[in-house]
Number of protein chains: 4
Amino acid sequence: MTGSPLEAEITRLREEVCALHAELTRYGLVVWTAGNVSARVPGHDLMVIKPSGVSYQDLAPELMVVTDLHGVPTDSLPGDSLPGESGGEWGNPGLSPSSDTAAHAYVYRHMPEVGGVVHTHSTYATAWAARGEPIPCVLTMMGDEFGGDIPIGPFALIGDDSIGRGIVETLRNSASPAVLMQSHGPFTVGPTARDAVKAAAMCEEVARTVHIARQLGEPLPIAPEHIASLHHRYQNVYGR
Amino acid sequence: MTGSPLEAEITRLREEVCALHAELTRYGLVVWTAGNVSARVPGHDLMVIKPSGVSYQDLAPELMVVTDLHGVPTDSLPGDSLPGESGGEWGNPGLSPSSDTAAHAYVYRHMPEVGGVVHTHSTYATAWAARGEPIPCVLTMMGDEFGGDIPIGPFALIGDDSIGRGIVETLRNSASPAVLMQSHGPFTVGPTARDAVKAAAMCEEVARTVHIARQLGEPLPIAPEHIASLHHRYQNVYGR
Amino acid sequence: MTGSPLEAEITRLREEVCALHAELTRYGLVVWTAGNVSARVPGHDLMVIKPSGVSYQDLAPELMVVTDLHGVPTDSLPGDSLPGESGGEWGNPGLSPSSDTAAHAYVYRHMPEVGGVVHTHSTYATAWAARGEPIPCVLTMMGDEFGGDIPIGPFALIGDDSIGRGIVETLRNSASPAVLMQSHGPFTVGPTARDAVKAAAMCEEVARTVHIARQLGEPLPIAPEHIASLHHRYQNVYGR
Amino acid sequence: MTGSPLEAEITRLREEVCALHAELTRYGLVVWTAGNVSARVPGHDLMVIKPSGVSYQDLAPELMVVTDLHGVPTDSLPGDSLPGESGGEWGNPGLSPSSDTAAHAYVYRHMPEVGGVVHTHSTYATAWAARGEPIPCVLTMMGDEFGGDIPIGPFALIGDDSIGRGIVETLRNSASPAVLMQSHGPFTVGPTARDAVKAAAMCEEVARTVHIARQLGEPLPIAPEHIASLHHRYQNVYGR
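Just so it is clear, the model here is predicted, and its values are computed rather than measured.

Here is what the cut-offs are and how they apply
- Residues numbered from 1 in each chain as written.
- Chains lettered and ligands numbered in written order.
- Predicted model: local features only at pLDDT ≥ 70, side-chain atom pairs only at ≥ 80, totals over all residues.
- Heavy atoms only, no water.
- Helix = DSSP H or I, 4+ residues; strand = E, 2+ residues; numbered from the N terminus.
- Rg over C-alpha atoms; globule rule 2.2 N^0.38 Å.
- Buried < 20%, exposed > 50% of the residue type's maximum accessible area, 1.4 Å probe, protein only.
- Contact = heavy atoms within 4.5 Å.
- Areas by Shrake-Rupley, 256 points an atom, 1.4 Å probe, with all protein chains shown as cover.
- Lys, Arg positive; Asp, Glu negative; His and termini not counted.
- Charge placed at Lys NZ, Arg CZ, Asp CG, Glu CD.
- Pairing = 2+ DSSP bridges.
- Axes fitted to C-alpha atoms, helices over the stretch in contact; angles between N-to-C directions.
- Least-squares fit on C-alpha atoms with pLDDT ≥ 70 in both.
- Buried area = accessible area lost by both parts, 1.4 Å probe.
- Salt bridge = Lys/Arg side-chain N within 4 Å of Asp/Glu carboxyl O.
- Nonpolar A, V, L, I, M, F, W, Y, C, P; charged D, E, K, R; others polar.
- Expected span 1.5 Å × (residues − 1).

**Q** Explanation requested: the overall build of chain A in the structure shown.
**A** Looking only at helices and strands, chain A features seven helices and seven strands. Counted from the first residue to the last, chain A has its helices and strands arranged as α-β-β-β-α-β-α-α-β-α-β-β-α-α. The C-alpha radius of gyration of chain A comes to 18 Å, within 12% of the 18 Å expected for a compact globule of 240 residues. Across the 240 residues of chain A, 60% fall into the buried class. Counted over contacts in chain A with a minimum sequence separation of 6, partners at least 24 positions apart contribute 66%. As presented, chain A carries roughly 8,600 Å² of accessible surface, and 51% of it is formed by carbon and sulfur atoms. Across chain A, the mean location of the 15 positive side-chain charges is 6 Å away from that of the 27 negative side-chain charges.

This is the structure:
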C-alpha cells in the first residue's frame, strides 16, 4: 500500500488534523480531552479524526484514526471496501475514534461541501448554548465570518444520529459555519479542517465579546444590508 | 529497603503526584502554593502528598511527602509499623506535608474506593462556594462527568476532622466526584490521582460556564432521565 | 538599491513591525489574523504593514508589505515615484497588505504627527464599541495614558475612506490616542508603532478594568483638573 | 567597594527584585510597564527598585536602581552619605527609578517592619479601587492571608507624599498587607519583597473570586471569630 496517492493524502491529513488540535489549546477552546477536529479525505468516503481519551499534549499524527463516513475505523472494514487497495488497515493505531465521531460522519455524509468539522465546549459559546439563545450579529467581524446570527441547534443525546441531524438541519438554514447545540456546545464546519478551526476560534471570540457587551446594556444593531455587504466582501473580495 | 515492590510503587507515585501539580497550573486552578494533589498507595495505609509551602515550579518527585492515613509522615512512624521493612523513613524530604493533609487522609480512611484527592481554590468553583450554592447540572458535559449538581459541603475550620468529615458526608449523597466546601473551595476525588485532577479541571470549567450562562438569564434545564443516561454512558460505555 | 539609507530604514521598520505583532498576541489582543500594526517610513510617503491573512506565528520581517500612503504596494508603483531609486519593488513579498490598509493610510495622510497605527478587535474594547459607549476616565492610569474618556467613532463600512475619516475626526477632538469604532473595534495611534501598540494594550486593560468595576456599581469620578494634571505629568515630566 | 558585605547584599537583592517582576507577569498582575517591586536593604537606609519605563522582558539585575529612603538614587548622594564607603555610586545603571519610588520610600521610612513593597494595577483589585469599595472577607483564604477585609486608601495624586501617607495610614488600621488606593490600584507590603509579591497575587485572586461570587448574589459572611482563628493559625502555626 506504501506510496499510493491516497496513503500520501492520509499521511498529510493525519499531520494536519494533529497540528490543528494545538490550535484548539492555543485559543483556549478546550479543557482536558473535550474537543475534536476531523478532516474529510477528499474524493473518498473516509475521514481522519482524533482518537478518544488521549490528552492534547500526547497526540501524534500516527494516533489519528481513519474511519469511513459512518465512523467505522478502516481496520474494521472488509478488504474490498477500498477499490484497488489490498485492505482496510491504513496503519490505524488501535485506538477508538473520538466519541463524537458519529456526529462528524453524519455531517460529511450530508454536506458534501464540508471538508472539516470541529467540536468544542468553548466556554462562552457553551454558555449561550446553555440558555438556548442564538448570538446576535452585532459586530462587523461577525458579519464578515458568520454572515448573521450564530444559530442554536436542538437538544440531542449522544448515541445515534440526533446530534449530526441537528447540526445539518440548523446549518442548512443559516449562513453561519457554526451552530450551538443546546445545553451542549458549538460545532463548526469549513471547506477544510483549518477553516473549521478558524470558525471555532472566531465563534468563541464573538460569543465572548457579545456576552461582555450585553452585560452592561444592549449592543447596537447592524442593519441587515450592512451585514450582507460585509459577508459578501469577506467571502469574495477578501477571498476566504 | 531499595528495590522492594512497595518502594518502587512509592517512587512511581511521587513522580505522578509531582507531575499532576503541573496540570493544576496548566489549567489555571491554583495561585502561588494554594492547591494540592495526593495519591493513595494501593494496598497500604499510606499516601503521597505535596509538601507544604513549596512553589509549583520548585516541586520535584523526591520532595513529595509519604504519610500514613492520619497524615503522619512515615519518618515519624515506629520502625515496626510497616511489616518487613526496617524503618519508617522512606526517603522523606524533611518537609511538612500540605496543611490540608488531614482532610485528604480522612477521605482515604473513609472512602476505600478513592485513590486520589485534589484540593484547589479555583476561582469560579470557589465563587459558588462563597455563596453556598450548588452548581446546577445544565450542560451535557456535567451530566457526563458529574451525573448531576455539584453539591455544597458545610463550613468547616481547618485543624481537626471537620473538613474531611464534611467532604465524605457530602460526596456519599451525590454522584459527583466534586464537592464545594462552603466559603472555602472545591475538593475532588477519583479512582486515581489523575482522575481527581481531571475532576478538578472539569469542575472549574463547568463552574465557569454555568456562571457565565446565568449572568444573562436562566440556563435551560436538562431532564433527570437525560442526565442519568449521559452519566451511565460516560461511566460505562465510554469507559471512564 | 542595496545599502541606501531608505532601504536600511525600511529593513529596520519591517523588523520592528513584525516584532510588534508578537506583543499583540502576548497581551491577548488578537485572535487568528484579526489585528494589524503599521509604521510610517519617516520623511517618505510610505508605510510598512502586516500582510493579509498570514497567521501571527508565520510572520517574518520580509513578509511585511511596503505601500504608499494610499495603500498601494510599492511594487505596483511607477518606477519614477521614488526619486533616485530605480523602481518600486522594494523586495515586497507578493502578498497583499492587510485588508485594513486603507484606514491606516488615511490616518498617515491626515495626521502627520502619527508614526504608527494599530487595529485590533480586543475583547473588552470591542464590547464598549458594540454598545457605542465611550469608556469613562475613572482610573489614574487612564488619566496618565488617555487624558480623558476613550471616544467612540462612527459606524463605517470597509471599502472606502469612511473608516479612516471616522478615526481622524474622532481623534482630533480628543486627547486620547485610542478610538473605538462603533460595532467594530479599537484603532490606536502614536509617535511610533511601539507607542501605538502600548496604547492598544492599555486601551484593552482600561476597557476591561472599567467594565468590571461597573458590573457591581458605579466607579467614582475623577475631577477633570486631576485628570489634566495626571495627563500633563505623564506626557511631560515622566517623559512619554 | 567590591566584596563588602553591603555590596554583596545589594547584588543579591538586585537579583531577587528582578526575578520577582517575572512573578508579576506569571500571575497576570501587570500590563506593559505598569507595576513595580522594591526591597529594603536590611540595616541601611537604602532600597532596590525597578527602573522606570523598562519592559519586563528587558529587565536584568544590574538595571535595578539603588536609592536612599527618599527615593534619591545613590549615585546622586554625597560621597560621605554611606559611612566607610568611598562613594554613592553603587553601580547604578543611569536609569531613573520607578515613577512610584516616592510611595515605596515613604512606606519604608514609616513602617520599619516592612522589607518589601509591591504596586500593580491588577484588574480586579483596581476595579474595587475604582468604586472605592473594600473587599469583604468572605473566603477562608482571605482570612488566612489578610485577616479581614482589604481596605480602601484615599484618592491621592502622584508627585508628593500623599500616596505614601495614604498607604501607611490605611495599613496601620488593618490586619491586611494590601491596600487598594482609590481610583488607582493595590499596594502590598511584607517582611520581604517575596512576601509582598505573594500578597499582590493573593489580593488579585480574592478580588476576582469575591467579584465573581457577588455577580450572582451575596456571598455568605464568615463569623469574625472564625476569621481571627484562621488568620492566627496561618500566621503562627502554619508559619508565614
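**Q** Could you clarify how one ought to interpret the sheet that holds strand E4 (residues 116-119) of chain C in this entry?
**A** Whether parallel or antiparallel, the strands of a sheet pair through hydrogen bonds between backbone atoms. Residue and element names in this part refer to chain C. Read across the open sheet, the seven strands follow the order E3-E2-E1-E4-E7-E6-E5; overall the sheet is mixed. Only two strands of the sheet have a single partner each, and these edge strands are strand E3 (65-68) and strand E5 (152-153). In this fold helix H5 (residues 162-172) packs onto E5, strand E6 (178-181) and strand E7 (185-190), with an angle of close to 135° to the strand it touches most, E6.

**Q** Is there a simple way to think about the relation of the copies chain B and chain A in this case?
**A** In this structure, two copies of a chain are linked by a rotation about an axis accompanied by a shift along it. Laying chain B over chain A is done by rotating through 90° and shifting 0.0 Å along the axis; what remains is an RMSD of 0.0 Å. The transformation relating the two chain copies, once decomposed into turn and shift, fits a four-fold axis. Judged by C-alpha distance, B:Gln215 is the residue of chain B that lies nearest the rotation axis, at 5.4 Å. Little of the interface of chain B is mirrored in chain A, where only 3% of its interface residues are also at the interface.

**Q** Please clarify how the sheet that holds strand E6 (residues 178-181) of chain D should be interpreted in this entry.
**A** Residue and element names in this part refer to chain D. The seven strands are arranged E3-E2-E1-E4-E7-E6-E5 in an open sheet whose pairing can be described as mixed. Looking at which strands have only one partner, the edges of the open sheet turn out to be strand E3 (65-68) and strand E5 (152-153). Inspection of the sheet shows E5 paired to E6 by two bridges, in the parallel sense. Looking at the pairing, Ile 152 lines up with Leu 180 of E6. On top of the sheet, helix H5 (residues 162-172) reaches E5, E6 and strand E7 (185-190); it is set at about 135° to E6, its chief contact. Helix-sheet contacts for helix H6 (residues 193-215) involve strand E1 (36-41), strand E4 (116-119), E6 and E7, and the interaxial angle to E7 is about 140°.

**Q** I tried to follow helix H2 (residues 101-110) of chain B on my own but got confused; where do I start?
**A** Along an α-helix, residues three or four apart share an orientation, since each turn contains 3.6 residues. Residues and elements named next belong to chain B. For H2, a buried count of seven out of ten residues is recorded, marking the element as mostly surrounded by other parts of the structure. For H2, the full list of buried residues reads Thr 101, Ala 103, His 104, Ala 105, Tyr 106, Val 107 and Tyr 108. Tucked into the core, H2 has its buried residues touching strand E1 (36-41), strand E2 (46-49), strand E3 (65-68), strand E4 (116-119), helix H5 (162-172) and strand E7 (185-190).

**Q** How should the interface of chain B and chain A be read in this particular structure?
**A** A common measure of how large an interface is: the accessible area buried when the components associate. Of the residues lining the interface, 29 residues belong to chain B; the matching set on chain A comes to 26 residues. Carbon and sulfur atoms make up 64% of the surface buried where chain B meets chain A, a total of about 2,700 Å² over both sides. Taken together, chain B and chain A are joined by zero salt bridges. Only helix H1 (5-26), helix H4 (140-146), helix H6 (193-215) and helix H7 (224-237) of chain B provide two or more residues apiece to the side of chain B that touches chain A. For the side of chain B that touches chain A, the leading source of residues is H6(B), giving eleven residues. The class makeup of the residues in the side of chain B that touches chain A is 15 nonpolar, six polar and eight charged.

**Q** What should I look at first to understand helix H6 (residues 193-215) of chain A in this one?
**A** Residues and elements named next belong to chain A. When the terminal C-alpha atoms of H6 are compared, their 33 Å separation across 23 residues agrees well with the 33 Å that a helix rising 1.5 Å per residue should span. Most of H6 sits inside the fold, with 19 of its 23 residues counted as buried. Two residues or fewer after H6 comes Gly 217, characterised by a positive phi angle close to 145°.

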